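# Fold and geometry: a report
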Amino acid sequence: MIKRTISGMIGKGSLAHNRREFFAENVEPDRVQLNICYQNENLKEVYKELFDDAVGRYNIGKRKDRQITNYYEKIRQGKQEKLFHEVIFQIGNREDMAVGTTEGDLAVKVLDEYVKNFQQRNPTLHVFSCYLHQDEATPHLHIDFVPFTTGSKRGLDTRVSLKQALATQGFKGGSRGDTEWSQWIQSEKEQLAAVMERYGIEWEHLGTHEKHLSVLDYKKQEREKEVAALGAKIEQKQIEFDVLSERVLNYDKAKDELSNLEIELDTAPKYQLPEPEKFMTAKA
């Protein structure tokens, strides 16, 4: 059994490039006809299909200035979500799985089998563009999709959301290094590895993921130390505050007692001097 790496990375999402509406320098034009198109939908039409009904429900009873007239443009011009996402999968590299070789042809078979179940595995990622390229150095897949969530309680009940789309499929991120996306990519790599095994290819791990996690664990430990130190500092400041508060309280009590004593000296009969009687001598 041969060993090969798996690459799963975020793509630029150049739909025109994926469709070969133009040729980049690394493309071999005489091999373009070998590319496989699995899906090629118009993105604007996809948005209408997925979200028009939800937009209609959202606009009911709303003022015109608060209605959504074009959800595609709203997302395109906004900053919270992207119109779509792209992921690229590849087995091996140009040295061990090159296009046109026996190994490269094997990679094509594996990727072809893998991608045919992609949409079924990922029901909340609507795939609208999907190509397997064999006209570059190494066979690879471009999968472009619109992530969506349903049943939302705020805004549109069906809306664009990568985080919620992946959460619906069971990928719930924890730390910055263990996001929904990283969990999902890892899961898809495992799905691809399972297909590879059926073709006699073992997934070769390079250890980069484990190194990455070790760095994250170290940083996490350092943050925990900082938080603990800050906690101790806050506790010390609280003690100092309590001491000062007690002193202020005692000062206020003493001030009140002094004020009461002054009032008593001014008003209590036992502290008052008698008025002199008429025609008393100065000696008296």
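Residues numbered from 1 in each chain as written. Predicted model: local features only at pLDDT ≥ 70, side-chain atom pairs only at ≥ 80, totals over all residues. Heavy atoms only, no water.

Our next topic: the confidence of the model for the protein. Of all residues in the protein, 74% have pLDDT values of 70 or greater, and the mean over the chain is 85. Low pLDDT, under 50, characterises residues 209–220; the predicted model gives this stretch 1 contact beyond four residues in sequence or across chains. (pLDDT = per-residue confidence, 0-100. Contact = heavy atoms within 4.5 Å.)

Mapped onto the secondary structure, arginine 20 falls in the loop between α1 (15–19) and β3 (36–40). Taking the relative accessible area as the measure of exposure, arginine 20 reaches 9% and is therefore buried. Those residues within four positions of arginine 20 in sequence are excluded, and the remaining contacts are Val27, Val32, Asn35, His133, Asp135 and Glu136. Looking at arginine 20, its side chain comes within polar contact range of the main-chain oxygen of histidine 17, at 2.6 Å. For arginine 20, the side chain forms a polar contact with the side chain of histidine 133, separated by 3.2 Å. (Helix = DSSP H or I, 4+ residues; strand = E, 2+ residues; numbered from the N terminus. Buried < 20%, exposed > 50% of the residue type's maximum accessible area, 1.4 Å probe, protein only. Polar contact = N/O pair within 3.5 Å; in protein donor to acceptor, adjacent residues only side chain to side chain.)

Looking now at the packing of aromatic side chains. Using the criterion set out here, one finds 11 aromatic pairs in the structure. Between tryptophan 181 and tryptophan 184 the ring centres are 5.3 Å apart and the planes differ by 55 degrees, which places this aromatic pair in the tilted class. Remark: tryptophan 184 and tryptophan 181 occur in helix α7 (residues 180–198); sequence separation between them is 3 residues, near one turn of the helix. There is no split in this pair, since tryptophan 181 and tryptophan 184 are both buried. Taken together, Phe89, Tyr114, Phe118, Phe145, Trp181 and Trp184 form an aromatic cluster joined through their ring pairs. (Phe/Tyr/Trp six-rings, centres within 6.5 Å; stacked < 30°, edge-to-face > 60°.)

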